[in-house]
Amino acid sequence: MSDASTTIARTVPTRRPGRLKDFWSSFRENRGAVIGLYVFAAFVLIAIGADILAPYDPTAQHRAFTLVPPVWQDGGTWQFPLGTDPLGRDMLSRLLHGARFSFFVGIVVVVVAASGGIMIGLIAGFAPRWLDTIIMRIMDIILAFPSLLLALALVAILGPSLINAMIAIALVLQPHYVRLTRASVLNERGKDYVVSARVAGAGLLRLMFITVLPNCLGPIIVQAALSFSTAILDAAALGFLGMGAQPPTPEWGTMLAEAREFILRAWWVVTLPGVAILVTVLAINLMGDGLRDALDPKLKRS
Amino acid sequence: MSLLDIRNLSVDFATSTGTFRAVDSVDLSVDAGDLHAIVGESGSGKSVSMLAAMGLLPWTATITADTLAFDGRDLRDLSPRARRRIIGKDMSMIFQEPMSSLNPCFTVGFQIKEALRQHLDLDRKQRHARAIELFEMVGIPAPEKRLSAFPHQLSGGMNQRVMIAMAIACKPRLLIADEPTTALDVTIQAQILDLLTGLQAETGMALILITHDMGVVAETARRVSVQYAGQKVEEQEVASLFSDPHHPYTAALLAALPERATERRLPTIPGVVPGQHDRPEGCLFSPRCKFADERCRTVPPPVQPPAIGLARCHYPLNVPEEADAI
Amino acid sequence: MLRYVLARLLTFVPTFIGVTLVSFSFIRLLPGDPIIVMAGERGLTEERYAELQQQFGFDRPLWVQFWDYFTGVLQGDLGQSFVTKRPVWDEFFTLFPATLELSLCAIIFAIVLGLPAGVIAAVYRGKFFDRALMSTALVGYSMPIFWWALLLIIVVSGNLGWTPVSGRIDLLYFFDDVTGFMLIDSLLSGQEGAFTSAVRHLILPTIVLGTIPLAVIARQTRSAMLEVLSEDYIRTARAKGLRPSRVNGLHALRNAMIPVITVIGLSVGTLMAGAILTETIFSWPGIGKWMVDSIFRRDYPVVQGGLLLIAVIVMIVNLTVDLLYGLINPKIRKR
């Protein structure tokens, strides 16, 4: 018998990959997700280094050069590679600085909505039934309002600005985290390892944050990626409606709103900010899809 | 000529960490009216080889074989349409999990009549009558009422009876039963087995019974294949298999039967079936075999002649003297 | 089933009260005194101010005000618009058909294209069509629709001149509102060209509003189908020798529809949010544009009432979806 058990250890030609490595290898297998990751990394670098990268101050008006087309079109100059807007501001500089605002919006909204949502979700998952019911009803109420409409109304109360738009969006996105966290907590809470931790005398806080929470993180991480892109889209939509960042802030949605009247005369002032939003959001969503596939073993190829 | 003839069948699965060989050069031939059992632990590839014959493997699987023939026609040469005319009619299969093997969105009556409509030329009324008849055959009480039930309203045993009724609906010549009793209560298990062997005797169809339970094999089968880690390690008539197992794995399986235990403690086979990442180099059973030596661990074993039960072993057990002389 | 319906209906009540409370609190939380806003440039005397405050009940305790508002809501009284002086309820229901028409067209557009696309992608997973379709769906899903609308206007209306830029119908047609649905009314009017004009006005807004639901439905259908296709009962269906079209189209799709229906229901909320942007860009005289205009005009009763009504509509749709879910999923139906 002892002979058999020693031979078992010897027969290991290929090793089973570790958890993080496993995650990375299945993430890397998804080409779209890797491209998304690179684009997102570039976006973050631009957001950080916008001051250095941008050739001009984004609000500086070059009065002699209004509505200059991009360099590859007739009349374009290398002085303004992506052209200028109706006030003679350099499009490239404005777009680069816009990345900073979008990144800022995404980060703040995700951090605020996720931390609040996870806390409330954990409480709801562990709370007695009546408290759980009350919390979930409140979330139902928030979810009954279309997110953009509620954000719009909230901004109308708080006054139009980028900060208020972020607060409103974070508030509107929060219930998704609450529902997700609560659902995973309820799912995990009945499992044996939680029961044994409880029997071993773990306190409620320890049970919530150390025993259960790490095992619920998979779907929450995916949700974080998805709400990052939702936040950018909603902030741009609010800016477009005039309820987000105010001119002359070079926020992409606000830039689009300013450019609306030139829609048929100067395509670049309308097209470029939209492309910037689309590429960023697309990259994040690609990454989110990759994360979901890598974290959810059910969808893996088996 | 045998009804089902499989020569050198291998099945590979593409996984995220490389290919995994679930079935490794398996031979099997089943004659009309035969009752053949395939025994092995979970993960030994016994279901996969039969799913390959039925053409039911997922898209990640690659099938290679010298022969994969039913009734003399190689299944791989048939058009999908011609193959669908055989599958479900002449050759049908029931599965391990009766609860999840029936579509939850349709009544069991709809599902059984669907099989009838697919292969037989019956009108609506005849199909209904035949469905009731089939339900009676498999021992479902109040068949008329049960036809309009959804699978989740029936018990596991009842659902397995529905599955059997569905599988024999078109009078198949071969029925493959993939662990038909594993998911059921012990008391129901015997009933379902009796039902299957009874139907087999009654209709004269061939039956392949996939199981991990040696006890079931002893009671029902005529011939037995033992599979281990995707390979067939031994094949014999049931009586001689039980009296003279040639492969150490078979011997160990038999020794683990409570009825045959000689000591106070039931002997076990240490270790588990090797998976994708820990396949040994030589004999696949060598890490768990108490007779294994250096040769077993480095050189893949040969297949012994039929007299020694086609055992895939360097040192087969219970070798008859005349066979030894060859 | 009856118990399921009752239980579901019961959760409707507290949510409804909560929604009313939220929309009620808007008017108290908005910066600036609503009465001064209403008076506008002209200003007010002290007495007139007190009189108005009494008239609107702002001098009474909050809970009394809420009770009045709530009982008013139950009787269909949502107050009057500051701007037009018409009851909010009436304004809402004159504008609602326009939004409903647009939303229905958009959701039909999304389902008709999205459902088959998702099924085909799942059946041919990993193949070229699947990849192309899912990449397109992801682009659609990531689309800032206000920009998408501008882009379509530039290309389809501007460069190609195929569709009009705004409104529901050309101004030269004039007929009575019968149903409020321009497609039906234009047909009823019998005027030549009226119907085609209405259709042409609908095309771009439908595409814009339907884009995200289309992407969501296609993606959800694909993943639901993929999950279902690996189920044991699909293997059973194939083991019967059924045609792939029947296995995929009947056995798989029927089960995959359960999560897809939920997603279609949830996209009604998205549709309402999308309507705000779409209607603003295309000057579509519906609820979304009305809400945005009212927010800018600080027409508080309208904002308040509109929020409440939209939320109630979303809730009713969700309720319907839940009940439909029970109907399509036999496990719930027969419990």
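Residues numbered from 1 in each chain as written. Chains lettered and ligands numbered in written order. Predicted model: local features only at pLDDT ≥ 70, side-chain atom pairs only at ≥ 80, totals over all residues.

Going by the annotation in an unreviewed UniProt entry, the name recorded for chain C is Probable dipeptide transport system permease protein, with Oceanicola granulosus given as the source organism. Taken directly from UniProt, the Subcellular location (unreviewed entry) text for chain C runs: "Cell membrane". Recorded under Sequence similarities (unreviewed entry), the UniProt text for chain C is reproduced unchanged: "Belongs to the binding-protein-dependent transport system permease family." (UniProt positions renumbered as here; feature names shortened; annotations may be inferred.)

Going by an unreviewed UniProt entry, chain A carries the name Probable dipeptide transport system permease protein and comes from Oceanicola granulosus. Per its UniProt entry, chain A bears the Subcellular location (unreviewed entry) comment "Cell membrane". Word for word, the UniProt comment on chain A under Sequence similarities (unreviewed entry) is "Belongs to the binding-protein-dependent transport system permease family."

Residues L149, A151, L152 and I169 of chain A are the most contacted members of the largest nonpolar core, which totals 260 residues. In terms of residue count, the dominant contributor to this core is helix α4 (residues 91–126) of chain A (16 residues). When neighbours within four sequence positions are excluded, L152 of chain A is seen to be in contact with L238, L241 and M243 of chain A together with I276 and I295 of chain C. (Core = buried A, V, L, I, M, F, W, Y, C linked by C-beta atoms within 7 Å. Buried ≥ 20, exposed ≤ 12 C-beta atoms within 10 Å, placed from the backbone. Helix = DSSP H or I, 4+ residues; strand = E, 2+ residues; numbered from the N terminus. Contact = placed C-beta atoms within 7 Å.)

For the rest of this paragraph, the subject is the sheet that holds strand β3 (residues 35–39) of chain B. All names here are of chain B. The strand order across the open sheet built from 6 strands is β7-β8-β9-β3-β10-β11, with neighbouring strands paired in mixed fashion. Across the chains shown, the open sheet's two edge strands, defined by having one partner strand only, are β7 (91–94) and β11 (231–237). When strand polarity is set aside, the average angle formed by the axes of neighbouring strands in this sheet is 15 degrees. Relative to strand β9 (residues 206–211), strand β8 (residues 174–178) runs parallel, the two being bridged by 5 bridges. What sits directly across from D178, in β9, is I210. Contacting β7 and β8, helix α7 (residues 156–167) runs over the sheet at an angle of about 175 degrees to β7. (Pairing = 2+ DSSP bridges. Axes fitted to C-alpha atoms, helices over the stretch in contact; angles between N-to-C directions.)

With that settled, consider the UniProt feature "transmembrane region" (unreviewed entry) in chain A. Under the present numbering, the feature "transmembrane region" (unreviewed entry) in UniProt falls on residues 35–56, 101–127, 148–173, 225–246 and 266–288 of chain A. The annotated region residues 266–288 of chain A carries 96% helix and 0% strand content, and the separation between its end C-alpha atoms amounts to 34 Å.

Okay, the UniProt feature "domain: ABC transmembrane type-1" (unreviewed entry) in chain C next. Mapped onto the present numbering, the UniProt feature "domain: ABC transmembrane type-1" (unreviewed entry) falls on residues 96–325 of chain C. Helix and strand shares over residues 96–325 of chain C are 80% and 0% respectively, and the end C-alpha atoms of the span are 26 Å apart.

Moving on to the packing of helix α3 (residues 31–53) of chain A against α4 of chain A. Residues and elements named next belong to chain A. It is at 8 Å that the axes of α3 and α4 come closest, and there the two elements cross at 130 degrees. Overall, the two elements α3 and α4 adopt an arrangement that is oblique. Of the two elements, α3 crosses α4, and the hand of that crossing is left-handed. Contact residues: α3 offers F43, V44, I46, A47, A50 and L53, while α4 offers L96, H97, A99, R100 and F103. Residues of the contact of α3 with α4, tallied by class, amount to 9 nonpolar, 1 polar and 1 charged. (Parallel < 35°, antiparallel > 145°, perpendicular 65-115°, else oblique. Left-handed = near helix turned anticlockwise from the far one by under 90°. Nonpolar A, V, L, I, M, F, W, Y, C, P; charged D, E, K, R; others polar.)

Following the UniProt record, one finds the feature "domain: ABC transmembrane type-1" (unreviewed entry) at residues 99–288 of chain A. Structurally, residues 99–288 of chain A is divided into 84% helix and 0% strand, and its ends, taken at the C-alpha atoms, are 19 Å apart.

Turning to the interface of chain A and chain C, a few remarks are in order. Contact with chain A, which involves 33 residues of that partner, is made by 37 residues of chain C. Among the secondary structure elements, those contributing two or more residues to the side of chain A that touches chain C are α5 (129–144), α6 (147–158), α9 (204–240) and α11 (267–295) of chain A. At 9 residues, α11 of chain A tops the list of elements feeding residues into the side of chain A that touches chain C. In the side of chain A that touches chain C, the residues fall into 26 nonpolar, 5 polar and 2 charged.

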